[in-house]
Structure formats: structure tokens, C-alpha cells
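Structural characterization, general
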Amino acid sequence: MIVITNPFFIEDEIQILHSLLEEGLYSLHIRKPDFSEVETAKFIHQIKLEFRTNLVLHSHHQLAEDLGIERFHFSEKDRKEFPARFPKPCRFKCESISTSTHSIEDFNSLETKFNYAFLSPVFKSISKENYSPQKDLFEEIKSRKNHKTKMVALGGIDSGNIQKAFENGFDDVALLGTIWKNENPLKQFKLCQKIVHSHLQ
């Protein structure tokens, strides 16, 4: 299970992130699209060193070596505009590379270098207004041909539909709005985590 940071600054975010990581969060995507390189570095420096291997960097990949981060994510735009960029972060130690897709066609066409990819939106977004699926992705993924890249459900994922995502063919889920729009992010995370674990057993 993956958690993506709130794209905007929020109070106590680092404290919340530590509580999620201490509870067993394996993969935390650092996505702060409006943060400068300095702001991104400052944000990550607040996260305990013991959790650096759990972090996935969405932008300012050049910071990875100094920050001890070995996982990289590329947006759909970056993937299409700068294909030559992908090997570059891996001149450092590179554990995984992921990306974002919005159609099964894009997912199927991914190069094998991607360990996993988001496919979204699966459901109506919790964090973005008026962002809903244009197609039924559960029908779309029946034509999945790429089985080397893990398919991760993103968009409107919460405790009420995680099981449905797994039952319809997704390999994993990513949480954003259900965590950051909740009054008790840790409680919501633990609930979702319990559902994921019960599916994987």
C-alpha cells in the first residue's frame, strides 16, 4: 500500500507521516509539485533517517543521492517529454522507478524499467474536485497486456472500495484524499492497511 503526501503544506504533516511510517507504511511518495528544490530538501530532512528507504521522490530527482533516496517517480508529462531522463537517477543506487498513467493503453505501452505504475482515476477523486473516471477502468484493465509492471489503483481509493480494486485486477492501491481529508489520518490508514493485509494473506 502506498501513501502520497498532501500536495500542499499542512500543519503537523511530518508528525503524521512519522506515525504512518512507524505503523508500517512501506512506500511514501513525496509529491509537492509547487515546492522548490530547497523546500523539497528541507521537507525531506525533517523525516527521520531510518525512513529514507521508504521514500519515493516525485520531483527534484537530483536531490536523491544527498538525501539517501533510491526510489523515483515520473509524472506522465515527464515520461513523455524526457524519456532520456530515466536512467540518470540510477547513476546513484536505484531501487525502483514508477510512473503515472491514465489509460490502459498507456499502461500497456510502458517500458519494462518501471516497477509499478499508477492507473487513475479509478473512482471519483476525494482530493480533487470534479475529477472522475471518464471510462470504467475495471472494464479497461481486462485488456491488460503488461504484467511486468505492477498496476496500482489511484483516485478515490478508500476503505470502502479497496477490496473492489483488488478483486478487479489491481496489484496494489495508493491513498491520498482518504488520508489527508480525514480527521484522523492514522486511524484511516490503519483501517485501509488492515483491508490490504487481509487481501494479501
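So, here's what we can say about the structure.

About the thresholds
- Residues numbered from 1 in each chain as written.
- Predicted model: local features only at pLDDT ≥ 70, side-chain atom pairs only at ≥ 80, totals over all residues.
- Heavy atoms only, no water.
- Buried < 20%, exposed > 50% of the residue type's maximum accessible area, 1.4 Å probe, protein only.
- Helix = DSSP H or I, 4+ residues; strand = E, 2+ residues; numbered from the N terminus.
- Contact = heavy atoms within 4.5 Å.
- Phe/Tyr/Trp six-rings, centres within 6.5 Å; stacked < 30°, edge-to-face > 60°.
- Lys NZ or Arg CZ within 6 Å of the ring centre and 35° of its normal.
- Salt bridge = Lys/Arg side-chain N within 4 Å of Asp/Glu carboxyl O.
- Pairing = 2+ DSSP bridges.
- Core = buried A, V, L, I, M, F, W, Y, C linked by side-chain atoms within 4.5 Å.

1. Observations concerning helix H1 (residues 13-22)
- Burial analysis of H1 places eight of its ten residues in the buried class, which makes it a mostly covered element.
- Within the sequence span of H1, burial applies to Glu13, Ile14, Ile16, Leu17, His18, Ser19, Leu20 and Leu21.
- Elements in contact with the buried residues of H1: strand E1 (2-4), strand E2 (27-30), helix H2 (37-45), helix H8 (177-180) and helix H9 (185-200).
- Positive phi shows up at Gly24, right after H1, with a value of about 110 degrees.

2. Thoughts on the packing of aromatic side chains
- According to the stated counting rule, one finds four aromatic pairs in the structure shown.
- One aromatic cluster in this structure is built from Phe123, Phe138 and Phe170.
- Over the aromatic face of Tyr26 sits the side chain of Arg71, whose NZ or CZ is 4.4 Å from the ring centroid.

3. Re the pattern of salt bridges
- The full count for this structure, using the stated rule, is six salt bridges.
- The salt bridge involving Lys32 is made with Glu13; its shortest N-O contact spans 2.7 Å. Here Lys32 is found in the loop between E2 and H2, whereas its partner Glu13 is found in helix H1, with 19 residues between them in sequence. In this structure, Lys32 and Glu13 share a single accessibility class: buried.
- In this structure, Glu111 engages Lys113 in a salt bridge whose closest nitrogen and oxygen atoms are separated by 3.5 Å.

4. Structural notes on the pairing of strand E6 (residues 116-119)
- Burial along E6 is two-sided: Tyr116 and Phe118 and Ala117 and Leu119, pointing in opposite directions, are all buried.
- Judged from the four bridges that link them, E6 and strand E7 (residues 150-153) form a sheet pairing that is parallel. Within the sheet, the bridge partner assigned to Leu119 lies in E7 and is Ala153.

5. Thoughts on the nonpolar core
- Counting residues in each nonpolar core, the largest one holds 60 residues, and the members touching the most others are Val3, Ile47, Ile162, Phe170 and Val173.
- It is H1 that contributes the most residues to this core, five residues altogether.
- Residue contacts for Phe170: discarding those within four places in its chain leaves Leu119, Val122, Phe138, Ile141, Met151, Val152, Ala153 and Ala165.

6. Notes on unusual backbone geometry
- A cis amide bond links Ser120 to the next residue, Pro121, at an omega of -5 degrees.
- Among the structural elements, Pro121 can be located in the loop between E6 and helix H6 (137-140).
- The phi torsion at Asp12 lies on the positive side, around 65 degrees, for a residue other than glycine.
- Residue position: Asp12 is located in the loop between E1 and H1.
- Phi at His60 takes a positive value of approximately 50 degrees, unusual for a residue other than glycine.
- Inspection of the secondary structure puts His60 in the loop between strand E3 (55-57) and helix H3 (64-67).

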